[in-house]
Amino acid sequence: MCTIALDIAKQWHWDAGRAVMLIENLKQYYQCKGPFAGGQSNGKDWWESLPISARTHPLKTLAVTLFSIVPHAAEVEQLFSDLGGIQGVKHCNLTVHTFETLGKLRNNYSYHIYQRALTAG
């Protein structure tokens, strides 16, 4: 869990001090200590109402961001549809690296189409 959190912190360009605080927050949260004791059925509401600063407790920033992601498969299914792979073996055997590559390619193509549309008026 700490490794994944540090990977996210690195992608978000957090400095080393904030990353260390994140790990300390994760340990406190795992042990239900400090400000992380208790909870609610709605995780996002609980994290947002937690009376701590996101600056001093970076786990709050991470948690609110993760709980803000709307879980749905519409965009992924659209990607498979665009690629002609809605059902079948290749739909089930894609690795995380392949998904990342497909996503990057799709976003790059979408960006270039958008840029062309802007220049064309």
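Relevant structure appears above.
Now for a look at the structure at hand. (Residues numbered from 1 in each chain as written. Predicted model: local features only at pLDDT ≥ 70, side-chain atom pairs only at ≥ 80, totals over all residues. Heavy atoms only, no water.)

### Looking at the side chain of H57
Then comes step 1: For H57, the location among the structural elements is in the loop between α3 (43–49) and α4 (58–68).
Then comes step 2: Given the relative accessible area of 17%, H57 is considered buried.
Then comes step 3: A distance of 3.0 Å separates the side chain of H57 from the side chain of T56, its partner in a polar contact. (Helix = DSSP H or I, 4+ residues; strand = E, 2+ residues; numbered from the N terminus. Buried < 20%, exposed > 50% of the residue type's maximum accessible area, 1.4 Å probe, protein only. Polar contact = N/O pair within 3.5 Å; in protein donor to acceptor, adjacent residues only side chain to side chain.)

### Re the pattern of salt bridges
Then comes step 1: Counted under the stated rule, the structure contains 1 salt bridge.
Then comes step 2: The partner of E48 in a salt bridge is K44, with the nearest N and O atoms 3.5 Å apart. Residue E48 and its partner K44 are both found in helix α3; the two are separated by 4 residues, about one turn of the helix.
Then comes step 3: Residue E48 is classed as partly exposed on the basis of its relative accessible area of 41%.
Then comes step 4: The partly exposed category is assigned to K44, whose relative accessible area is 29%. (Salt bridge = Lys/Arg side-chain N within 4 Å of Asp/Glu carboxyl O.)

### Comments concerning the packing of helix α2 (residues 16–30) against α4
Then comes step 1: In the contact formed by α2 and α4, the axes pass within 7 Å of each other and the chain directions differ by 75°. Put simply, α2 runs roughly perpendicular to α4. From α2, R18, M21, L22, N25, L26 and Y29 reach across to α4, where they touch P58, L59, T61 and L62.
Then comes step 2: Within the contact of α2 with α4, the residues separate by chemical class into 7 nonpolar, 2 polar and 1 charged. (Axes fitted to C-alpha atoms, helices over the stretch in contact; angles between N-to-C directions. Parallel < 35°, antiparallel > 145°, perpendicular 65-115°, else oblique. Contact = heavy atoms within 4.5 Å. Nonpolar A, V, L, I, M, F, W, Y, C, P; charged D, E, K, R; others polar.)

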